[in-house]
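Descriptive structure summary
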Amino acid sequence: MDIISTREMLLNAKKNQYAVPAFNIHNLETMQAVLEGAWEMKSPVIIATTPGTVKYAGMDYLAAMAKVGAKRYNIPIALHLDHCPDVDFLKECIYAGYKSVMIDASLKDYEDNIRITKDVVEFAHRYDVTVEAELGVVGGAEDERKVDEKDTMLTDPQVALDFVKKTNIDSLAVAIGTAHGVYKLEPKLDFERLIKMNEMIEVPLVLHGASGVPSDAIKKAVEYGICKVNIATELKLPFAEKIKNYFKENPQANDPRKYITPAKEAAKEVVIEKIKICGSENRA
Ligand SMILES: [Zn+2]
């Protein structure tokens with residue numbers, strides 16, 4: 001197979017009440033960890049890259065690696081551009097082979113968010129690329145995008161309905177109380193808000209900032225209509241931890257194959273665990 005858009009993946013998830021996990025990767029080994037984990041679990045999977053990661057690794061490299069993965073493993077694999085505020089950059093990623101993008105104009109005012117998002121959707125759909133957008137403001141830090149706790153804003157269901165109609169997006173990231181990065185306190189998710197949005201809005205709903213949210217809360221969110229769960233920090237932490245430990249025990253080590261392998265294994269374990277929580281096992 002080739003890499004695909006998230007259209008069918010997320011519609012299948014919505015129909016059958018599970019979620020497709022989206023894992024933020026940064027290099028070959030984290031991508032391998034995600035794909036090997038998804039393959040073992042026979043799960044559809046979304047490889048997510050922020051603009052920062054794309055600049056770090058190269059969009060052509062990332063697209064090529066994902067294509068190799070899609071050829072190697074017979075499961076639905078999407079390569080997704082996460083949280084992109086820059087329309088030109090987003091278009092470049094589409095030209096490079098991305099089939100799924102997130103336009104993030106959520107920090108703009110509402111009318112601008114609609115206008116920018118709608119233009120991106122029109123462009124992307126010409127290339128059979130799916131578009132996610134965010135409404136409301138998920139707090140925390142991702143790439144250079146930092147949102148103070150006081151500036152977070154939960155998604156208003158009525159506004160969300162209006163937004164989806166006016167922009168024609170394929171999926172909507174909703175703010176229901178999660179944040180990007182590491183939590184200081186356990187987050188409280190607003191399930192009633194989610195239930196209402198799921199009743200009103202036809203397109204699949206997306207949960208950002210799921211790292212550190214207890215698995216029961218994620219399962220509940222999936223049950224109430226979340227079709228895509230983003231996981232970033234929870235892959236980074238064990239990966240870094242294993243490398244730190246390796247060097248603690250082997251201060252003279254210098255072979256990347258030696259010190260990265262345990263990190264990759266740890267990331268893969270998290271991938272498998274998250275697939276189970278999302279309920280996407282055996283859905284490929
Ligand atoms: Zn996010």
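Reading guide: rules and limits
Residues numbered from 1 in each chain as written. Predicted model: local features only at pLDDT ≥ 70, side-chain atom pairs only at ≥ 80, totals over all residues. Heavy atoms only, no water. Salt bridge = Lys/Arg side-chain N within 4 Å of Asp/Glu carboxyl O. Helix = DSSP H or I, 4+ residues; strand = E, 2+ residues; numbered from the N terminus. Axes fitted to C-alpha atoms, helices over the stretch in contact; angles between N-to-C directions. Parallel < 35°, antiparallel > 145°, perpendicular 65-115°, else oblique. Left-handed = near helix turned anticlockwise from the far one by under 90°. Contact = heavy atoms within 4.5 Å. Buried < 20%, exposed > 50% of the residue type's maximum accessible area, 1.4 Å probe, protein only. Pairing = 2+ DSSP bridges. Right-handed = clockwise from strand over helix to strand, strands pointing away. Phe/Tyr/Trp six-rings, centres within 6.5 Å; stacked < 30°, edge-to-face > 60°. Lys NZ or Arg CZ within 6 Å of the ring centre and 35° of its normal.

Quick look at the pattern of salt bridges
Applying the stated criterion across every chain, the model contains 12 salt bridges. With a shortest N-O distance of 3.1 Å, Asp128 and Arg7 are connected by a salt bridge. One end of the pair, Asp128, is in the loop between helix H6 (110-126) and strand E5 (130-135); the other, Arg7, is in helix H1 (residues 7-16), and 121 residues separate them in sequence.

Things to note about the packing of helix H10 (residues 233-249) against helix H11 (residues 256-278)
Following both chains from N to C, one finds H10 and H11 inclined at 150 degrees, their axes separated by 8 Å at the closest point. It follows from the interaxial angle that H10 and H11 lie roughly antiparallel. Where H10 crosses over H11, the handedness of that crossing is right-handed. Contacts between H10 and H11 involve Glu234, Leu235, Pro238, Phe239, Lys242, Ile243, Tyr246 and Phe247 from the first element and Lys258, Tyr259, Ile260, Pro262, Ala263, Lys264, Ala266, Ala267, Val270, Val271 and Lys274 from the second.

Description of the pairing of strand E1 (residues 20-24)
A large share of E1 lies buried, amounting to 5 of its 5 residues. The side-chain alternation of E1 yields two buried faces, one formed by Val20, Ala22 and Asn24 and the other by Pro21 and Phe23. Bridge count for E1 against strand E11 (residues 226-231) is 4 bridges, and the pairing is parallel. Counted as the bridge partner of Pro21 is Val229 from E11. Read from E1 through helix H2 (residues 28-41) to strand E2 (residues 45-49), the crossover connection turns out right-handed.

Regarding the packing of aromatic side chains
This model, assessed by the stated rule, comprises 8 aromatic pairs. Summarising the aromatic geometry, the rings of Tyr95 and Phe123 are spaced 5.9 Å apart at their centres and angled 85 degrees between planes, so their arrangement reads as edge-to-face. One end of the pair, Tyr95, is in helix H5 (residues 87-96); the other, Phe123, is in helix H6, with 28 residues separating them in the sequence. By relative accessible area, Phe123 is classed as buried at 7%. The interplanar angle of 40 degrees and the centroid separation of 5.0 Å between the aromatic rings of Phe123 and Tyr127 together place this pair among those described as tilted. The partly exposed category is assigned to Tyr127, whose relative accessible area is 32%. Three or more aromatic residues link up through ring pairs in this structure, and these residues are Tyr95, Phe123 and Tyr127. Lying over the aromatic face of Phe89, Lys55 brings its terminal NZ or CZ to 5.1 Å of the ring centre. Taking the ring centre of Phe123 as reference, the NZ or CZ of Lys91 above it sits at 4.8 Å.

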